[in-house]
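Here are the chains, one letter per residue:
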Amino acid sequence: MKDGARCHTLADADRLYAAVADRVIALAESAVAARGRFHLALAGGNTPRRLYERLAARDDTDWNRWEIWFGDERCVAPEHQDSNYRMARETLLAHVPIPASQVHPMIADPAIAPERAAADYADALSAHLPQQAGWPILDAVLLGLGPDGHTASLFPGTPILDVLDTPVAAVHVPRLSAWRISLTLPVLAHARHLLFVVEGAGKSDVLARLARGPAAGEPPLPVERVSGPRAEWYLDAAARGSA
Ligand SMILES: O=C1O[C@H](COP(=O)(O)O)[C@@H](O)[C@H](O)[C@H]1O
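Residues numbered from 1 in each chain as written. Predicted model: local features only at pLDDT ≥ 70, side-chain atom pairs only at ≥ 80, totals over all residues.

- Named according to an unreviewed UniProt entry, the chain is 6-phosphogluconolactonase originating from Acidihalobacter prosperus.
- According to the UniProt record, the Function (unreviewed entry) comment for the chain reads "Hydrolysis of 6-phosphogluconolactone to 6-phosphogluconate."
- According to the UniProt record, the Pathway (unreviewed entry) comment for the chain reads "Carbohydrate degradation; pentose phosphate pathway; D-ribulose 5-phosphate from D-glucose 6-phosphate (oxidative stage): step 2/3." (UniProt positions renumbered as here; feature names shortened; annotations may be inferred.)

## Quick word on the pairing of strand β10 (residues 193–198)
No. 1: β10 sits mainly inside the fold: 5 of its 6 residues count as buried.
No. 2: Of the pairings in the sheet, the one linking strand β7 (residues 140–143) to β10 comprises 4 bridges and is parallel in character. From the neighbouring strand, Leu143 faces β10, where its bridge partner is Phe196. (Buried ≥ 20, exposed ≤ 12 C-beta atoms within 10 Å, placed from the backbone. Helix = DSSP H or I, 4+ residues; strand = E, 2+ residues; numbered from the N terminus. Pairing = 2+ DSSP bridges.)

## Some words on the packing of helix α2 (residues 48–56) against helix α3 (residues 84–91)
No. 1: Contact geometry for α2 and α3: axes closest at 8 Å, N-to-C directions at 35°. α3 is crossed by α2, and the crossing has right-handed handedness. Listed contacts from α3 to Arg49, Tyr52, Glu53 and Ala56 of α2 are Met87, Ala88 and Thr91.
No. 2: The class makeup of the residues in the contact of α2 with α3 is 4 nonpolar, 1 polar and 2 charged. (Axes fitted to C-alpha atoms, helices over the stretch in contact; angles between N-to-C directions. Left-handed = near helix turned anticlockwise from the far one by under 90°. Contact = placed C-beta atoms within 7 Å. Nonpolar A, V, L, I, M, F, W, Y, C, P; charged D, E, K, R; others polar.)

## Re the sheet that holds strand β8 (residues 168–173)
No. 1: Here 3 strands make up an open sheet; going across it, the order is β4-β9-β8 and the pairing antiparallel. Both outer strands of the open sheet, β4 (72–74) and β8, are each paired with one neighbouring strand and no more. Neighbour-to-neighbour, the strand axes of the sheet open up by a mean angle of 25°, direction not taken into account.
No. 2: Along the sheet, helix α4 (residues 114–128) makes contact with β8 and β9 (178–183), crossing β8 at roughly 150°.

## A closer look at the sheet that holds β10
Paired through their backbone hydrogen bonds, the strands of a sheet run either parallel or antiparallel.
No. 1: With parallel pairing, the 6 strands of this open sheet are ordered in space as β1-β11-β10-β7-β2-β3. Edge positions in the sheet fall to β1 (7–10) and β3 (66–70), since each of these pairs with one other strand and no more. Strand-to-strand, the axes of this sheet are offset by a mean angle of 20°, without reference to chain direction.
No. 2: Sheet topology places strand β2 (residues 38–42) next to β7; 2 bridges connect them, and they run parallel. Bridge pairing in β7 places Ala41 opposite Val141.

## Digging into the packing of helix α1 (residues 13–35) against α2
No. 1: At their nearest, the axes of α1 and α2 sit 9 Å apart, and the two run at 55° to each other. In this view, α1 runs oblique relative to α2, as classed from their interaxial angle. Both α1 and α2 take part in a crossing whose hand is right-handed. Mapping the contact onto sequence places Ala13, Tyr17, Ala18, Val20, Ala21 and Val24 in α1 and Arg50, Leu51, Arg54 and Leu55 in α2.
No. 2: Here the contact of α1 with α2 is composed, by residue class, of 8 nonpolar, no polar and 2 charged. (Parallel < 35°, antiparallel > 145°, perpendicular 65-115°, else oblique.)

Pasting the structure below:
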């Protein structure tokens, strides 16, 4: 993975999150200028916390025009400590004037079956977003990277990787003994911009593996099936390692 227009290595985490925050604000400005709305899907996990805190401090964007979606979610209540929505609320959404009707959590009620919640979310995306060839078009999707090559909740070896007929699906992840809901490969392929954000030495092995590509006979990692010409990578030097 070489630095260039699509891959940016920043010296440290502070500079990484500053660069990504600037990029998100710029994407918001161009989406609002072109279409009057900025439809952004947030990543979960730990990495985005500091990015969201930085975004929350920005007053150079029209928050009224933002629509917040989620790339994936754990099947827990919105107040649960593992909830991606809770993390985003605490770090970003509680601090900026985005109207509540423009924030779209994946799980409103954990009693609803994961498959039903996924189908409802697919309907909500289709109702709110512009479409192309029947697929809702997100302006930007923030994505993380797991050490096993997962992104969103597209984990290696799970059946959601074969889902090609809906933008959102539920998946049971045996390694975690847990259900997740996630955007699927085709809706990610239709997004205008994909921003991967990767921080820390714990991600350097998987980045080195991505730089090498799959060995003969080895299946691609989920992230390799997502990252295409619309993907931009933001890494800190520790994550990059020797990749
Ligand atoms: O499980 C998840 O992990 C990935 C990466 O998470 P991180 O904690 O290593 O940053 C994340 O992109 C995804 O949204 C999350 O649910």
